[in-house]
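Residue strings, one per chain:
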Protein chains: 2
Amino acid sequence: MKEGKPATIKEIAKRLKISPSTVSRALNDHPSIGLVTTMRVKKVAAELNYEPNQTAIFFKQRKTFTVGVVLPNLSEPFFSAAISEIENVANGKNYTVIMGQSMDDADREMKILQTLKNHRVDGVLMSIGKNTRDYPFIDLMEGAGIPIVFFDCVPDLEHIHKVYCDLETGMLEAIDRFVSCGHHAISLINGPTHLPASLEREKAYRKGLAQYNIRYKEEYVVNTDLTPEGNEAAISQLLALPDRPSAVVSFNDYVALDVMKIVRKRGIALNQDIHFISYANYPLWTYIENPPLASIEQFPGEQGGKAAELLFQLIEANGRPEPTRITFHSRLVNPG
Amino acid sequence: MKEGKPATIKEIAKRLKISPSTVSRALNDHPSIGLVTTMRVKKVAAELNYEPNQTAIFFKQRKTFTVGVVLPNLSEPFFSAAISEIENVANGKNYTVIMGQSMDDADREMKILQTLKNHRVDGVLMSIGKNTRDYPFIDLMEGAGIPIVFFDCVPDLEHIHKVYCDLETGMLEAIDRFVSCGHHAISLINGPTHLPASLEREKAYRKGLAQYNIRYKEEYVVNTDLTPEGNEAAISQLLALPDRPSAVVSFNDYVALDVMKIVRKRGIALNQDIHFISYANYPLWTYIENPPLASIEQFPGEQGGKAAELLFQLIEANGRPEPTRITFHSRLVNPG
DNA sequence: CTGTTAGCGCTTTCAG
DNA sequence: CTGAAAGCGCTAACAG
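Keep in mind that this is a model prediction, so the values were computed, not measured. (Residues numbered from 1 in each chain as written. Chains lettered and ligands numbered in written order. Predicted model: local features only at pLDDT ≥ 70, side-chain atom pairs only at ≥ 80, totals over all residues. Heavy atoms only, no water.)

Q: Outline the pattern of salt bridges, supporting the account with residue identities and numerical values.
A: All names here are of chain B. The final tally for this structure, using the stated rule, is 24 salt bridges over all chains. Here Glu47 makes a salt bridge to Lys43, at a shortest N to O gap of 3.1 Å. Of this pair, Glu47 and Lys43 both sit in helix 3 (residues 35–47), separated by four residues, roughly a single helical turn. (Salt bridge = Lys/Arg side-chain N within 4 Å of Asp/Glu carboxyl O. Helix = DSSP H or I, 4+ residues; strand = E, 2+ residues; numbered from the N terminus.)

Below is the structure:
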């Protein structure tokens, strides 16, 4: 039953006293092969337990049916949702997924891309790390003729393919919601200033306030480095204000969780004295006793899936088409 | 800068008017090549931006430096923690990771293994799905000479390599804790009866009770199919009991979350009228207002990492060594 | 419809 | 120390 070496095309050719090429064609259902031969070939192939040696095929065809996925950290639910969906899409197209975690380290990111290139992946999906400031890998992949599609955390460049989620819509909806609940003292706990994502949030925040003629107050916008300590510092700053805000949009759910914990600890009533909305829709709000008013959904799975579909289009259409940009719009949803 | 086709060994051989074999050796720092030639070769290689064609090498060496990871669902934090660590270990060994989600579907599981086999991965790490009853893939991989290490959710067989987490210790500690807090009415919300994991929990539960001479009461053990409805049904059964339990061990954190929600809704005071401990240590308990008394940690990351290390040993030691079994012991930890 | 031949890019005997 | 030649398993012109 168990052969030392797996059977090859040659062997089944020898057995049938026909040429390897005929066998190859028969196995691939090439139209110009007689039905009888095809049958005979397949029969023997089955008997010998033949399995094509994909590595040989990859080598020959210069195609690996493999795509690389590079993202900061698999253990973040946001990204695991994305890769989960990517794998589903890839699976449907008979591609396999190789993954690499950059851990937000630009060097490691570059190294992963190198590896993927050496493995001759047919394409790459990537969400860049928080500390990535320039993009040498774009030229690297371009030079190797490997298409790359960015998603979620995308470089701010024009000539690339990207799928991302516009953060503005969600912010505007959040402010709408707050205002319609009677809030005017709305503040923003933003992320590190150097992140484009922070910039975008702040811009949207200002725009949202402007729509309601609420004056922008500098002290209502604080930043956190996203560590628990940073988060605590940020909320403390706000709570210390003489005119404490009654509503807060926070950078993401992790920040919100930390911040709400502090608030609770200080005896301030959540969803009464102070209200929260945050980006991301962490899947567990439904279990939290005083969840935020709402969450701003960024559709990680959908982004990943769409990016994968785009990538497969690029892989299949060999011509280098125009840079494509697909935008999702963040949306306010009820937590859960 | 950017060549149409990447440079090959032949080209750099031609430029230097030496033979390809020499180039190959030089590039691989073969000892028998003169230092000067080696240098010259490397210089030209760099100039031409030479990159070895891994697919050719894989083909030749019958080795892909790739391992497959098969698990039920990447979007579960438990598994994303595991794969995250696996990727780290693999990365350190210069292996890449191909992943596949079985979605708890035995057919899909088999299909993934087939694909991995065709891709000629050097080894496989696998956590089997909830519905997998027999293990045709073990023979499949065996036949192909691909080592496979199971982790966490492992087949109940002797002759395989596995890393898993013993559920008993955690259960005993949980019961210890409950008893030392004065509880004697301790119940168990268990998973589907057909799961080995459920069986193991129940066995441990009985043992724990026995240690304190607490009589086992049939009605204190209920099962859930792990859906929210099932969870609700399970806790309802317990709450309806004339002698309602004051302490509950639940199958996992998801069950606990659902169940605690119901309890709260019915106006029963968490951590007062009724106390919980559950398996898994979901990373968010710290934010929950009335978290369970404790959690039973199962070390997904550690299991994954250890399984990966074992796999690399198997890959490197070509002989087929004795089946290895590595056991972690679940442990009671404070949530968070 | 089928066979012959060549070759993908690299490594590796075996000879010098 | 280096070169020539063969071959991994498969596919794809090009001829029949």
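Q: I'd love a proper account of the packing of aromatic side chains, names of residues and values included.
A: Residue and element names in this part refer to chain A. Inspection of every chain in the model, using the stated rule, returns 15 aromatic pairs over all chains. Their ring planes at 55° and their centres at 5.1 Å tell us that Phe65 and Tyr95 sit as a pair that is tilted. Of the two residues, Phe65 sits in the loop between helix 4 (54–61) and strand 1 (66–71) while Tyr95 sits in the loop between helix 5 (77–92) and strand 2 (96–101), which places them 30 residues apart along the sequence. Residue Phe65 is classed as partly exposed on the basis of its relative accessible area, which comes to 35%. (Phe/Tyr/Trp six-rings, centres within 6.5 Å; stacked < 30°, edge-to-face > 60°. Buried < 20%, exposed > 50% of the residue type's maximum accessible area, 1.4 Å probe, protein only.)

Q: Outline the sheet that holds strand 3 (residues 123–126) of chain A, listing residues and values.
A: By way of backbone hydrogen bonds, the strands of a sheet pair with one another, either parallel or antiparallel. Strand order in the open sheet formed by twelve strands is 11(A)-5(A)-4(A)-3(A)-1(A)-2(A)-2(B)-1(B)-3(B)-4(B)-5(B)-11(B), and the pairing between neighbours is mixed. Of all strands in the sheet, those with a lone pairing partner are strand 11 (325–329) of chain A together with strand 11 (325–329) of chain B, marking the two edges. Averaged over all pairs of adjacent strands, the angle between their axes in this sheet comes to 20°, without regard to strand direction. Two elements, strand 2 of chain A and strand 2 (residues 96–101) of chain B, share three bridges in a ladder whose sense is antiparallel. In the strand pairing of strand 2 of chain B, Ile98 of chain A is matched with Ile98 of chain B. (Pairing = 2+ DSSP bridges. Axes fitted to C-alpha atoms, helices over the stretch in contact; angles between N-to-C directions.)

Q: How would you summarise the sheet that holds strand 8 (residues 247–250) of chain A if you had to cite specific residues and measurements?
A: Residues and elements named next belong to chain A. Taken in spatial order, the six strands of this open sheet run 7-6-8-9-10-12, and their pairing is mixed. Either end of the sheet is taken by a strand with one partner, and the two such strands are strand 7 (221–223) and strand 12 (331–333). Averaged over all neighbouring strand pairs, the angle between strand axes comes to 20°, with direction disregarded. Of the strand pairs in this sheet, strand 9 (residues 275–279) and strand 10 (residues 294–297) are connected by three bridges, and their pairing is parallel. Across the sheet, residue Tyr279 finds its bridge partner in strand 10, namely Ile296. Packing of helix 11 (residues 253–265) onto the sheet brings it into contact with strand 6 (186–190), strand 8, strand 9 and strand 10, and relative to strand 9 it is tilted by some 160°. (Contact = heavy atoms within 4.5 Å.)

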